[in-house]
Number of protein chains: 2
Amino acid sequence: MATANIKEVARHAGVSLGTVSNVLNRPDTVAPATRQRVLDAITTLGYVRNDSARQLRAGHSRTVAIVVLDVANPFFTDVVRGAEQVVEEAGAMLVVCNSGEDSARERRHLELLEEQRVRGVLITPVGHGPQPNLDKLIDRGIPVVLVDRGTGRANRCSVAVDDVLGGRLAMDHLLDQGHHRIAYLGGPLSIAQVADRHAGAAAALEERDSGAELRVAVTGSLTVAAGRRAAEELLALPARQRPTAVFCANDLIALGVLQELTARGLRVPADVAIVGYDDIEFADAAAVPLSSVRQPRDQLGRTAAQLLLEEAEPGDAHRHRHVVFQPELVVRRSSDHPRRARR
Amino acid sequence: MATANIKEVARHAGVSLGTVSNVLNRPDTVAPATRQRVLDAITTLGYVRNDSARQLRAGHSRTVAIVVLDVANPFFTDVVRGAEQVVEEAGAMLVVCNSGEDSARERRHLELLEEQRVRGVLITPVGHGPQPNLDKLIDRGIPVVLVDRGTGRANRCSVAVDDVLGGRLAMDHLLDQGHHRIAYLGGPLSIAQVADRHAGAAAALEERDSGAELRVAVTGSLTVAAGRRAAEELLALPARQRPTAVFCANDLIALGVLQELTARGLRVPADVAIVGYDDIEFADAAAVPLSSVRQPRDQLGRTAAQLLLEEAEPGDAHRHRHVVFQPELVVRRSSDHPRRARR
DNA sequence: CCGGCTGGATGAAACGTTTTAGCCGCTATA
DNA sequence: TATAGCGGCTAAAACGTTTCATCCAGCCGG
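This structure is a prediction, so every number in the text was calculated from the model and none was measured.

## Looking at helix 7 (residues 132-139) of chain B
All names here are of chain B.
- Of all the residues in helix 7, the buried ones are Leu 134, Leu 137 and Ile 138. In a view along the axis of helix 7, the buried residues occupy a sector of 95 degrees, so they form one face of it. For helix 7, the exposed residues set more than 90 degrees away from the buried face come down to Pro 132 and Asp 139.
- Against helix 6 (103-115), strand 3 (120-123) and strand 4 (144-147) lie the buried residues of helix 7.
- Two residues or fewer past helix 7, Gly 141 is found with a positive phi of approximately 90 degrees.

## Points about the relation of the copies chain A and chain B
- Turning chain A through 180 degrees and shifting it by 0.1 Å along the axis lays it on chain B, with an RMSD of 0.1 Å. Here the copies are linked by what is in effect a two-fold axis. Closest to the rotation axis within chain A is the C-alpha of Ser 52 of chain A, separated from it by 2.3 Å.
- Interface residue correspondence from chain A to chain B reaches 100%, placing this contact among same-surface, isologous pairings.

## As for the interface of chain A and chain B
- Residue-level contacts link 50 residues of chain A with 51 residues of chain B.
- For the interface between chain A and chain B, the tally reads 8 salt bridges.
- The salt bridge partner of Glu 84 of chain A is Arg 105 of chain B, with a shortest N-O separation of 3.3 Å.
- Taken together, the connections running from chain A to chain B amount to 26 residue pairs in polar contact (both at pLDDT 80 or more).
- Element by element, the count of residues in the side of chain A that touches chain B is highest for helix 6 (residues 103-115) of chain A, at 7 residues.

## Quick word on the layout of surface pockets
- Each pocket or cavity is described by its volume, and for the second largest pocket that value is around 920 Å³.
- Lining the second largest pocket we find 33 residues, and of these Arg 117 of chain A together with Arg 49, Asn 50, Asp 51 and Ala 53 of chain B sit closest to its centre.
- Where the lining of the second largest pocket is concerned, the elements lending two or more residues are helix 2 (17-25) and helix 4 (51-58) of chain B.
- With 6 residues, helix 4 of chain B is the largest single contributor of residues to the lining of the second largest pocket.
- Its residues assigned to classes, the lining of the second largest pocket comprises 14 nonpolar, 11 polar and 8 charged.

## Topic: the protein's contact with DNA strand C
- The environment of DNA strand C is formed by 24 residues, the closest being Ser 16, Thr 19 and Thr 34 of chain A together with Ile 6 and Arg 57 of chain B.
- In the model, a phosphate oxygen of DNA strand C is placed 3.1 Å from a nitrogen or oxygen of the Ser 21 of chain B side chain.
- Asn 25 of chain B is positioned with one of its side-chain polar atoms (N or O) 3.2 Å from a phosphate oxygen of DNA strand C.
- Listed by contribution, the elements that provide at least two residues to the surface near DNA strand C are helix 2 (17-25) and helix 4 (51-58) of chain A together with helix 2 and helix 4 of chain B.

## Here's the deal with helix 3 (residues 32-45) of chain A
All names here are of chain A.
- Its 14 residues place the ends of helix 3 20 Å apart at the C-alpha level, agreeing with the 20 Å of an ideal helix rising 1.5 Å per residue.
- Turning to helix 3, its buried residues are Thr 34, Val 38, Ala 41 and Ile 42. Mapping the buried residues of helix 3 onto a view down its axis gives an arc of 100 degrees, with all of them on the same face. Among the exposed residues of helix 3, those pointing more than 90 degrees away from its buried face are Pro 32, Ala 33, Thr 43 and Thr 44.
- Tucked inside the fold, the buried residues of helix 3 contact helix 1 (6-13) and helix 2.
- A positive phi of about 65 degrees marks Gly 46, the residue just after helix 3.

## Here's the deal with the sheet that holds strand 2 (residues 93-98) of chain A
All names here are of chain A.
- One open sheet holds the 6 strands; their spatial order is 2-1-3-4-5-11, and the pairing between them is parallel. The sheet is open, and its two borders are formed by strand 2 and strand 11 (322-325), each paired with just one other strand. Neighbour to neighbour, the strand axes of the sheet diverge by 15 degrees on average, direction disregarded.
- Taken together, the 3 bridges between strand 3 (residues 120-123) and strand 4 (residues 144-147) define a ladder with parallel strand orientation. When the bridges of strand 4 are listed, Ile 123 appears paired with Leu 146.
- Here helix 5 (residues 74-89) sits on the sheet and contacts strand 1 (63-68), strand 2, strand 3 and strand 4; the angle it forms with strand 2, its principal contact strand, is near 160 degrees.

## A closer look at the UniProt feature "domain: HTH lacI-type" (unreviewed entry) in chain A
- Feature annotation in UniProt assigns "domain: HTH lacI-type" (unreviewed entry) to the following positions: residues 4-58 of chain A.
- Counting secondary structure, residues 4-58 of chain A comes out at 71% helix and 0% strand; the distance between its end C-alpha atoms is 21 Å.

## Examining unusual backbone geometry
Residue and element names in this part refer to chain A.
- Of note, the amide linkage connecting Gly 187 to Pro 188 takes the cis form, showing an omega dihedral of -5 degrees.
- Take Pro 188: it is sitting in the loop between strand 6 (181-186) and helix 9 (192-208).
- Positive phi is not limited to glycine here, since Asp 278 has a value of about 115 degrees.
- Note that Asp 278 resides in the loop between strand 9 (273-277) and helix 12 (281-285).
- On the accessibility criterion, Asp 278 (18% relative accessible area) is buried.

## Some remarks on the domain arrangement of chain A
All names here are of chain A.
- When the domains of chain A are assigned, the result is domain 1 (6-49), domain 2 (61-162 + 297-327) and domain 3 (163-294 + 329-335).
- The gap between the C-alpha centroids of domain 2 and domain 3 is 32 Å.
- With 7 residues of domain 2 at the interface, the matching set in domain 3 holds 14 residues.
- Taking both partners together, domain 2 and domain 3 bury about 740 Å²; carbon and sulfur atoms supply 45% of that area.
- It is Asp 162, Arg 297 and Pro 327 in domain 2 that bury the most area against domain 3; as a group they hold 65% of the surface buried on that side.
- For the pair domain 2 and domain 3, the interface holds 0 salt bridges.
- Here domain 2 is connected to domain 3 by 6 residue pairs in polar contact (both at pLDDT 80 or more).
- Looking at the side of domain 2 that touches domain 3 residue by residue, the classes come out as 2 nonpolar, 2 polar and 3 charged.

## Regarding the sheet that holds strand 5 (residues 157-161) of chain B
Residue and element names in this part refer to chain B.
- Strand order in the open sheet formed by 6 strands is 2-1-3-4-5-11, and the pairing between neighbours is parallel. Edge positions in the open sheet fall to strand 2 (93-98) and strand 11 (322-325), since each of these has one partner strand only. Strand-to-strand twist across the sheet, computed as the mean angle between neighbouring axes with direction ignored, equals 15 degrees.
- Of the pairings in the sheet, the one linking strand 4 to strand 5 comprises 3 bridges and is parallel in character. Among the inter-strand pairings, Val 147 is bridged to a residue of strand 5, identified as Val 159.

The rules behind the values
- Residues numbered from 1 in each chain as written.
- Chains lettered and ligands numbered in written order.
- Predicted model: local features only at pLDDT ≥ 70, side-chain atom pairs only at ≥ 80, totals over all residues.
- Heavy atoms only, no water.
- Buried < 20%, exposed > 50% of the residue type's maximum accessible area, 1.4 Å probe, protein only.
- Helix = DSSP H or I, 4+ residues; strand = E, 2+ residues; numbered from the N terminus.
- Arc of directions from axis to C-beta.
- Contact = heavy atoms within 4.5 Å.
- Least-squares fit on C-alpha atoms with pLDDT ≥ 70 in both.
- Salt bridge = Lys/Arg side-chain N within 4 Å of Asp/Glu carboxyl O.
- Polar contact = N/O pair within 3.5 Å; in protein donor to acceptor, adjacent residues only side chain to side chain.
- 1 Å grid on protein atoms, 1.4 Å probe; cavity = no way out; pocket = protein on both sides within 12 Å on 5 of 7 lines; lining within 4 Å.
- Points joined across faces, edges and corners; volume = space filled by probe spheres on them.
- Nonpolar A, V, L, I, M, F, W, Y, C, P; charged D, E, K, R; others polar.
- Near = heavy atom within 4 Å.
- Expected span 1.5 Å × (residues − 1).
- Pairing = 2+ DSSP bridges.
- Axes fitted to C-alpha atoms, helices over the stretch in contact; angles between N-to-C directions.
- UniProt positions renumbered as here; feature names shortened; annotations may be inferred.
- Domains from an automatic or database assignment.
- Buried area = accessible area lost by both parts, 1.4 Å probe.

In structure tokens form, the structure reads like this:
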């Protein structure tokens with residue numbers, strides 16, 4: 001019942017224990033005949049290598065961890081899938097931990113991961129302050145790569161997406177379509193992403209000097225319901241002041257806006273154009289397919305994992321890098337309706 | 001740099017190595033003064049327990065694995081969250097593995113997990129055939145709990161949701177609302193869930209003997225696009241034959257139907273009522289909030305984890321159990337419009 | 001015939017815990 | 001006063017690998 005160990009395999013094959021280990025780890029250094037005998041013994045005994053012992057000897061494990069803010073958030077699930085891919089290609093294993101935006105849980109996870117001597121940690125940390133836990137990990141020699149947060153740190157790598165650029169893309173597109181009264185919907189502004197996207201939009205508007213105006217409506221959250229409420233407010237405006245286009249801080253808000261507007265008899269994009277952010281799966285499936293700014297989510301995960309593995313590689317000195325990806329505007333029906341320029 | 005070990009802590013605190021271990025594992029058996037000295041040594045040295053060594057000694061790890069078909073599927077993410085909760089309460093750690101519906105990857109994961117001597121495995125296996133990998137695990141004494149698949153096996157626990165009942169609930173509701181021409185939309189029927197939900201609906205109809213008729217439209221997939229196409233087909237029927245209610249095998253199809261119908265000028269639920277299945281987050285956020293059959297997803301994860309931990313508990317003989325949960329109908333606007341009975 | 005080399009195998013140390021048996025000094029009991 | 005018991009601690013074995021220093025036999029060149 002108790003699984004066979006390497007010693008029993010050795011006895012069964014009539015070789016020494018070290019030879020079995022060699023068969024497992026350096027098969028070419030052992031004579032074909034003996035190798036085969038050992039392999040046979042392994043299969044007949046159903047031997048399975050004990051990773052704890054291997055790790056103990058090696059001093060570290062072959063697993064990489066990713067700590068996300070929410071396992072159920074499509075953004076992170078895509079990042080996970082990307083990371084998974086490269087980690088598995090490297091013969092390691094990716095374990096997914098969920099902090100649930102709770103820093104106590106995050107800390108507990110990091111402690112456990114440290115006890116496990118993981119090879120490295122990909123993490124989107126809770127909050128924005130200093131990160132003593134992460135510094136501790138790094139001090140201990142466990143590489144850490146930040147995902148979509150705090151690009152600036154010197155002692156670790158990071159990957160992120162340029163949200164300011166994302167805001168610019170959306171705004172440039174709407175200006176190109178001839179809009180002059182545009183709204184930005186999103187909040188709270190304390191979320192870096194929300195603020196950055198707005199900053200990008202504002203900067204783009206400024207630079208164009210087109211005389212267009214940007215109205216900002218701060219929402220309490222990034223949900224469909226918040227989008228509906230925001231749309232109601234827009235509808236309360238006199239028609240002449242009402243924006244002809246809205247740029248939303250994420251797709252949930254955009255979908256809420258879309259629903260409310262169509263429910264009230266406005267046509268999208270003819271009366272109001274909409275651009276969302278994130279390009280979630282439903283963007284394409286909405287009643288009016290939604291234009292959206294897409295982030296290269298799986299690539300975020302992939303390069304994060306690559307940076308980590310590179311850093312974990314022994315030998316060559318590693319230089320920390322901060323990779324910033326560029327988002328991409330996906331134009332669909334919700335904003336595809338150029339209007340004659342007028343002012 | 002290399003992390004301090006228990007021996008150094010002992011030396012630093014002027015005690016024996018075993019005493020340090022006692023402080024860590026049975027603090028009450030060591031005198032307060034010594035205990036404090038050891039704790040101080042631990043913090044000043046920054047000692048972190050080496051889990052590999054602990055596991056090696058213990059013979060098994062303190063982690064539980066869950067292998068899902070798709071990390072990005074909301075169903076599984078909720079199951080994961082549920083499982084996570086109870087596993088963490090038990091002081092263990094949950095690692096999430098993604099098979100991606102690929103049996104090779106599933107096998108590889110199981111092999112690695114076995115090498116790690118995990119405490120147990122929660123899994124929704126790929127495919128429906130026999131499961132030699134799982135049997136192997138069980139032979140080795142690693143408990144396995146099936147999630148939402150293959151309830152019948154004798155050598156393992158399982159948790160599932162009664163999809164036949166779900167079909168009944170939806171159908172009963174529509175019949176209660178006075179509908180007589182009803183359609184079931186979903187496919188392919190090779191998916192057990194799709195077939196079960198249909199079976200339940202058909203059985204409910206049969207039992208009521210109301211003279212109502214059920215039209216089945218098999219779709220190629222469970223997507224929004226498939227729902228749209230199915231709705232088009234319904235619209236092509238002469239109005240007198242057109243169903244006044246549709247029950248969809250999942251919410252994506254239902255949303256597609258909703259979009260297509262409203263786009264073509266039909267009102268939901270006045271002209272056509274819709275009931276979906278799964279109660280995904282968007283069901284409530286749709287243009288017309290969608291009635292849906294809800295599965296207790298996180299509870300599925302929670303009890304799966306509980307069964308597993310119970311089985312992993314040494315000592316008392318464990319009896320395998322097969323827990324079947326009952327789904328629940330959530331009525332929202334999309335089907336809330338009773339029509340006068342007529343035939 | 002001898003020394004050196006090489007492919008192939010061996011034995012033992014080491015990794016860092018947990019656990020068990022045992023030791024020591026003290027107190028309470030007879 | 002002897003003894004049993006006990007609290008508090010120590011020493012050592014064991015967990016299953018990997019790796020490193022050795023060793024052995026055979027072979028080749030000198």
